[in-house]
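# Chains, contacts and geometry: an overview
Each chain, written out:
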Amino acid sequence: MNFELDDEHRMLKDLVARFVRDELLPLEPAVLKREAEGGQLMLMPEEHERLDVLSRELGLWGLDAPAELGGSDLPVTAMVGVNEELGKTVVPYDLPPDSPNLRMLLKTADAAQTERYLAPYARGETVSAIAISEPGAGADPSAMGTRAERDAQGNWVLNGRKIWISRAARADWTIVMAVTDKALGSRGGISAFIVDKDTPGFIVERRIPMLGGVSTYEVVLQDCRVGAGQLLGKEGQGFAPMQARLSSRRVQMAAWCIGRAQRALDMVCEYAPMRKTFGALLSDRQSVQWGVADAATRIHACRLMTYEAAARIDRGEEARSQVSMIKVYATEMAWDVIDMAMQVFGAMGMTKEMPLQQMANETRLMRIYEGPSEVHRWVVARELLGSRR
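No experiment lies behind these values; they were computed from the predicted model shown. (Residues numbered from 1 in each chain as written. Predicted model: local features only at pLDDT ≥ 70, side-chain atom pairs only at ≥ 80, totals over all residues. Heavy atoms only, no water.)

## Structural notes on the overall build of the protein chain
For the protein chain, the count of helices and strands is eleven helices and ten strands. A compact globule built from 389 residues would reach a C-alpha radius of gyration of about 21 Å, and the protein chain, at 22 Å, matches this within 12%. By principal-axis analysis of the C-alpha atoms, the protein chain measures approximately 80 × 60 × 40 Å. Relative to all contacts within the protein chain whose residues are 6 or more apart in sequence, the contacts with residues 24 or more apart total 72%. As displayed, the protein chain has an accessible area near 18500 Å², and 52% of this comes from carbon and sulfur atoms. Charged side chains in the protein chain number 47 positive and 53 negative. The centres of these two groups are separated by 5 Å. (Helix = DSSP H or I, 4+ residues; strand = E, 2+ residues; numbered from the N terminus. Rg over C-alpha atoms; globule rule 2.2 N^0.38 Å. Contact = heavy atoms within 4.5 Å. Areas by Shrake-Rupley, 256 points an atom, 1.4 Å probe, with all protein chains shown as cover. Lys, Arg positive; Asp, Glu negative; His and termini not counted. Charge placed at Lys NZ, Arg CZ, Asp CG, Glu CD.)

See below:
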């Protein structure tokens, strides 16, 4: 049992750490100021373009994309280290492409879709989104109302409404989950479709402002007609690849949470030995010491849990319970650690001049999206209790 990254992947983690330290952290004050003044967390176009050029030069694009598509074909365990480092900053910059959607395409795209969508996506040339949740239904497949039906020419006609979609307004294409057989539901009745942004009937209806200056979108599908070749994978077999995609995202989120919590803890450990209150250093107060000790213990435990879940996925083993465990544990751990840090910093920790409030906002969001904590606890309990029956 190996608890360390191998040398190659450790060096990659160190490279990403330097990229975050030297290129992203210096941008944080300006990014936080824009969010405080305008309500949106954003990079300026010239900043984004410069980061794209530099990260590509450093070989940080397509890290987990297949080698035949120009990527580095890294395992999930290596990406945990990468995403932990990226999680240490609130600057909204991701290394292309978005791994979960990439992995879904790898499992399902045919030759034509690989050439048209997967290859340019793996090279970081396009932006994608995925539309799963629906108003009133969330991501419950049994309540999904968006329908896809064949017309006389063999095309698919999609009708329905999707919500909480990241990047929908700027995505070149969106993976849309729709019901093709209501009676079968998630066991053979849900299919995935690739819908290009300019397709008639694909309507980005509204932007939904969220905590921390980020946004999601609501999309309406109104007689949205796509060709037969836009079916992603096999008809009725969209649910399992979607679940695999969600597992990749949840591991990624756990790694982000580790990074955020570690950054918050590091800030406390730097600040507490310098700050005096009522004649004593914060670092000499037992309440602060215990908070630091508990935070370090939980971060360490979460890191080991996340690497273990990632290793299971890399080996092709069942990891549903492990992924649900880390989704709950990582998001709630990071929330508690960041809250502790804000408490130690006092009034300064409440300001929008520091990244702690943005880290808290983003972590609070992660306790809901990609499945709220309650659903993941239910998944773990169902696995354990069901196995006893």
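Following the structure, the description resumes.
## Some remarks on the packing of helix 7 (residues 239-271) against helix 8 (residues 286-314)
Remark: helix 7 packs on helix 8, axes separated minimally by 10 Å, with the N-to-C direction vectors making an angle of 160°. Taken together, the axes of helix 7 and helix 8 are roughly antiparallel relative to one another. For helix 7 against helix 8, the interelement crossing comes out left-handed. Residue-level inspection shows Val251, Ala254, Ala255, Ile258, Ala261, Gln262, Leu265, Val268 and Cys269 of helix 7 in contact with helix 8, the latter providing Val292, Ala295, Ala296, Ile299, Cys302, Arg303, Thr306, Ala310 and Ile313. Counted by class, the contact of helix 7 with helix 8 contains 15 nonpolar, two polar and one charged residues. (Axes fitted to C-alpha atoms, helices over the stretch in contact; angles between N-to-C directions. Parallel < 35°, antiparallel > 145°, perpendicular 65-115°, else oblique. Left-handed = near helix turned anticlockwise from the far one by under 90°. Nonpolar A, V, L, I, M, F, W, Y, C, P; charged D, E, K, R; others polar.)

## Let's talk about helix 9 (residues 320-345)
Helix length check: helix 9 (26 residues) gives 38 Å between terminal C-alpha atoms against 38 Å at 1.5 Å per residue, within 8%. Extensive coverage of helix 9 is indicated by the burial of 19 of its 26 residues. Directly beyond the C-terminal end of helix 9, a positive phi value near 65° is found at Gly346. (Expected span 1.5 Å × (residues − 1). Buried < 20%, exposed > 50% of the residue type's maximum accessible area, 1.4 Å probe, protein only.)

## Brief notes about the confidence of the model for the protein chain
When the pLDDT values of the protein chain are averaged, the result is 94; 99% of them are 70 or greater. Here helix 5 (residues 99-108) stands out as the element of the protein chain with the lowest mean pLDDT, 85, in contrast to strand 7 (residues 215-226), whose mean of 98 is the highest. (pLDDT = per-residue confidence, 0-100.)

## Remarks on unusual backbone geometry
Omega for the bond connecting Pro96 with Pro97 falls within 30 degrees of zero, at -5°, which places this linkage in the cis form. Take Pro97: it is sitting in the loop between helix 4 (76-86) and helix 5. The backbone of Arg167 sits at a positive phi, close to 65°, despite the residue not being glycine. The residue Arg167 is located in the loop between strand 3 (156-165) and strand 4 (173-179) in this model. One non-glycine residue, Glu370, adopts positive backbone phi at about 60°. Secondary-structure assignment places Glu370 in the loop between helix 10 (356-366) and helix 11 (373-386).

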